[in-house]
Amino acid sequence: ELKVEQNPLFLSMQEGKNYTIYCNYSTTSDRLYWYRQDPGKSLESLFVLLSNGAVKQEGRLMASLDTKARLSTLHITAAVHDLSATYFCAVRGGADGLTFGKGTHLIIQP
Amino acid sequence: EAGVTQSPTHLIKTRGQQATLRCSPISGHTSVYWYQQALGLGLQFLLWYDEGEERNRGNFPPRFSGRQFPNYSSELNVNALELEDSALYLCASHGRGSYEQYFGPGTRLTVT
């Protein structure tokens, strides 16, 4: 059974700081996704990572994938308040449905 | 291009009733996925439809069912509602040859 673990589950940080969210998964997969969810809202796609060593960046967010270690990271650079949200990683299992981590609730304080 | 749409936005039912949730994928997308986001349980895969067929389902009882219509829109039916079915139900679609799953705004189902 595919398991996806994120840590930390809760993160409070100050504006301007850097931090990393980690996502470990238990079995081989060919796709890893990062999503953002604002309170009461749906999921917004951030990144899809397809191959070992893949790195994608959008603004202050950068995601990477190490398929050998079954690890993805989401790095936040010089955080700003607008990035406060819950971030999910998800891995495609064999049946095409995604298996999600529990999410990282990120609060960025001025 | 219009995104994934879902209706209704909110649905309130009583225990034992049936609920029907609807999803329209992005134009040209043939696959529809349903997910449940329940408090304390996180996001869980429910069902996957593609080209009108159910391709796979997650670890949910048979009272969760659905279908996909010829225009690729989809319906999720939940029979014999239980209190723990209260959740946000999200629909996602993806097109052939694409890796992205695009999510709709969700239907919040409350069972009293």
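Being a predicted model, the structure only gives us computed values, none of them experimental.

A. Layout of the overall build of chain B. Helix and strand counts for chain B stand at zero helices and eleven strands. The C-alpha radius of gyration of chain B comes to 13 Å, within 12% of the 13 Å expected for a compact globule of 112 residues. Projecting the C-alpha coordinates of chain B onto the three principal axes gives extents of approximately 40 × 25 × 25 Å. Among the 112 residues that make up chain B, the fraction classed as buried is 48%. When contacts within chain B are restricted to residue pairs at least 6 apart in sequence, long-range pairs at least 24 apart make up 52% of them. As presented, chain B carries roughly 5,400 Å² of accessible surface, and 49% of it is formed by carbon and sulfur atoms. If you average the places of the 9 positive and of the 10 negative side-chain charges in chain B, the two averages end up 7 Å apart.

B. View of the sheet that holds strand β3 (residues 19–24) of chain B. Residue and element names in this part refer to chain B. As summarised here, the arrangement of the four strands in space is β1-β3-β8-β7, forming an open sheet in which the pairing is antiparallel. With partners counted over all chains shown, the strands left at the sheet margins are β1 (5–7) and β7 (64–68), one partner each. Strand after strand, the sheet turns through a mean of 20 degrees between neighbouring axes, direction not considered. In terms of strand pairing, β3 meets strand β8 (residues 74–78) through five bridges, oriented antiparallel. For Arg22, the partnering residue across the bridge sits in β8 and is Glu75.

C. Spotlight on the pairing of β3 of chain B. Residues and elements named next belong to chain B. Alternating positions in β3 separate cleanly, Ala19, Leu21 and Cys23 being buried on one face and Thr20, Arg22 and Ser24 remaining unburied on the opposite face. Bridge count between β1 and β3: three bridges; the pairing is antiparallel. The residue bridging Ser7 from the neighbouring strand is Arg22, located in β3.

D. Layout of the layout of surface pockets. Considered as a void within the structure, the largest pocket measures approximately 690 Å³ in volume. Lining the largest pocket we find 26 residues, and of these Glu1, Leu2, Thr99 and Phe100 of chain A together with Gln44 of chain B sit closest to its centre. The greatest single-element share of the lining of the largest pocket, amounting to four residues, is contributed by strand β5 (residues 42–50) of chain B. Its residues assigned to classes, the lining of the largest pocket shows ten nonpolar, eleven polar and five charged. Residue lining of the second largest pocket: 23 residues in total, with Gln37 and Phe88 of chain A together with Gln37, Ala38 and Leu39 of chain B positioned closest to the centre. Secondary-structure elements contributing two or more residues to the lining of the second largest pocket are β9 (85–92) of chain A together with β4 (31–38), β9 (87–94) and β11 (107–111) of chain B. Among the residues making up the lining of the second largest pocket, the classes are represented as ten nonpolar, ten polar and three charged.

E. Region of the structure containing the sheet that holds strand β3 (residues 19–25) of chain A. All names here are of chain A. One open sheet holds the five strands; their spatial order is β1-β3-β8-β7-β6, and the pairing between them is antiparallel. The open sheet terminates on both sides in strands that have one partner only, identified here as β1 (4–7) and β6 (55–58). In this sheet, adjacent strand axes meet at a mean angle of 15 degrees when their direction is disregarded.

F. Focus on the packing of aromatic side chains. According to the stated counting rule, one finds ten aromatic pairs over all chains in the structure shown. With centroids separated by 6.1 Å and ring planes inclined at 10 degrees, the aromatic side chains of Tyr33 of chain A and Tyr35 of chain A adopt a geometry described as stacked. Each of the two residues, Tyr33 of chain A as well as Tyr35 of chain A, counts as buried. Consider the rings of Phe100 of chain A and Phe103 of chain B, whose centres lie 6.3 Å apart with planes at 75 degrees: the pair is edge-to-face. Of this pair, Phe100 of chain A sits in strand β10 (residues 98–100) while Phe103 of chain B sits in strand β10 (residues 102–103), each in a different chain. We classify Phe100 of chain A as buried; its relative accessible area is 8%. By relative accessible area, Phe103 of chain B is classed as buried at 11%. A network of ring pairs unites the aromatic residues Tyr33, Tyr35, Phe88 and Phe100 of chain A together with Tyr35, Phe45 and Phe103 of chain B as a single cluster.

The rules we used
Residues numbered from 1 in each chain as written. Chains lettered and ligands numbered in written order. Predicted model: local features only at pLDDT ≥ 70, side-chain atom pairs only at ≥ 80, totals over all residues. Heavy atoms only, no water. Helix = DSSP H or I, 4+ residues; strand = E, 2+ residues; numbered from the N terminus. Rg over C-alpha atoms; globule rule 2.2 N^0.38 Å. Buried < 20%, exposed > 50% of the residue type's maximum accessible area, 1.4 Å probe, protein only. Contact = heavy atoms within 4.5 Å. Areas by Shrake-Rupley, 256 points an atom, 1.4 Å probe, with all protein chains shown as cover. Lys, Arg positive; Asp, Glu negative; His and termini not counted. Charge placed at Lys NZ, Arg CZ, Asp CG, Glu CD. Pairing = 2+ DSSP bridges. Axes fitted to C-alpha atoms, helices over the stretch in contact; angles between N-to-C directions. 1 Å grid on protein atoms, 1.4 Å probe; cavity = no way out; pocket = protein on both sides within 12 Å on 5 of 7 lines; lining within 4 Å. Points joined across faces, edges and corners; volume = space filled by probe spheres on them. Nonpolar A, V, L, I, M, F, W, Y, C, P; charged D, E, K, R; others polar. Phe/Tyr/Trp six-rings, centres within 6.5 Å; stacked < 30°, edge-to-face > 60°.

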